[in-house]
Amino acid sequence: MTRTALLLAAIVALIGSTAHSALSAGVKVTPLGSHDGEFCALDRALIFEDPDGTRILYDAGRTVRGPDDPRLGKIDGVLLSHVHGDHLGDIHSATANAGECGQPEFDVKDTPSSNTEKIVVAKKAKFFVGGEMNSWFGTRIPAAGGDKAQVVTLRFGAMNKLGGVSIWSVPAAHSNGVSPAFLTGDLAKEMQTNGLTAYVGPPGGYVLRFSNGLTVYLSGDTGVIADQELVVRRGFQAKLAVLNIGDVFTTGPAQAAFVINELVQPTAVIASHANEAATKDGKLLPNTKTAAFKAGVHVPVYLPLSGKTMEFDADGKCTGGC
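Keep in mind that what you see is a predicted model, and the values were worked out from it rather than measured.

## Looking at the state of the cysteines
- Tallying each qualifying case throughout the model produces two disulfides.
- The disulfide partner of C40 is C101, and the S-S distance across this bridge is 2.0 Å. Because the sign of the S-S torsion sets the handedness, a value of about -110° for the bond joining C40 and C101 places this disulfide among the left-handed ones. Here the residue C40 occupies a position in the loop between β1 (27–31) and β2 (46–49), and C101 occupies one in the loop between β6 (99–100) and β7 (103–104), the gap between them amounting to 61 residues. Residues C40 and C101 agree in their burial class; the two are buried.
- By sequence-ordered numbering of the bonded cysteines, the protein has its disulfides arranged as 1-2, 3-4.

What follows is the structure, encoded as structure tokens:
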């Protein structure tokens, strides 16, 4: 074999090895809750890290301790399902483990700005939103010291990319009114007096497809919808789901189990938004909504224990930290 042929063979082998390494690497999922090692009442926030290093924060809410939270590290993108205070972040804690798991204490007021906006600006992250949220945040992010170009419009059916991650917006059945607490002036006063919120388009969820091939469904706050079968399962073939299960504001345990078993049919699911102290010392508590959901589901259910990183392969199987 000539020297040139040997060199070409080595290059091909290196490319093949690199491609195989990227496909076999896992997606890391790190919950950022209120109490270390627990799944607590107001926990929503998750960080997804692609094998290429791209890091995406989903629904920061109240449990991320502001933009200086050391758990955040580098954040390339931020996702927001809707503008309710427990997702956008009207308040947050200055310290870890404040209050009780079932009733965390939040001592830092973020309104009329929000925890999410402060994180987007500080991290210089792309901010993916749908509905009319893009125009609202398109004025607020620059006003907070960021750049309007950080706000990326992503409506149903559209796709955008961030590093090796493809991001789609998908429907959710919920509401999406901005509280007067996030507004200023006479409009905010009139809305508060009349018990009104400001509509900023429909709420939503997301589908993420990572560079290793893993496809993840992020439900946001939602009830049971046909899109979970038609779009999420049949269209995207999601292998991992993050499903909000807390009842009243979202599907309850039985309905959430139906979504997983009959509609989405993923390989595994991470429970979220349970609105309860679901664990103690990192162990699932009996007689909780989360325990009822786990008992009703036919695939592995993983708990988002704050600070505990899980890793998933392309098929949605947990390969570490679960």
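## So, unusual backbone geometry
- In this model, T111 is joined to P112 through a cis peptide bond whose omega is 5°.
- At H273, a position not held by glycine, the phi torsion is positive, near 55°.
- Note that H273 resides in the loop between β18 (268–272) and β19 (279–280).
- Even without being a glycine, N287 presents a positive backbone phi close to 60°.
- Take N287: it is sitting in the loop between β20 (283–284) and α8 (289–296).

## With respect to the sheet that holds strand β3 (residues 55–58)
- Pairing is mixed across the open sheet formed by eight strands, whose spatial order is β10-β9-β4-β3-β2-β1-β22-β23. The sheet is open, and its two edges are formed by β10 (151–153) and β23 (318–320), each paired on a single side. Mean inter-strand twist for the sheet, computed between neighbouring axes without regard to direction, equals 30°.
- One ladder, built from four bridges, connects β1 with β2; its direction is antiparallel. The residue of β2 that forms the bridge with V29 is F48.

Thresholds applied
- Residues numbered from 1 in each chain as written.
- Predicted model: local features only at pLDDT ≥ 70, side-chain atom pairs only at ≥ 80, totals over all residues.
- Heavy atoms only, no water.
- Disulfide = S-S within 2.5 Å.
- Helix = DSSP H or I, 4+ residues; strand = E, 2+ residues; numbered from the N terminus.
- Buried < 20%, exposed > 50% of the residue type's maximum accessible area, 1.4 Å probe, protein only.
- Pairing = 2+ DSSP bridges.
- Axes fitted to C-alpha atoms, helices over the stretch in contact; angles between N-to-C directions.

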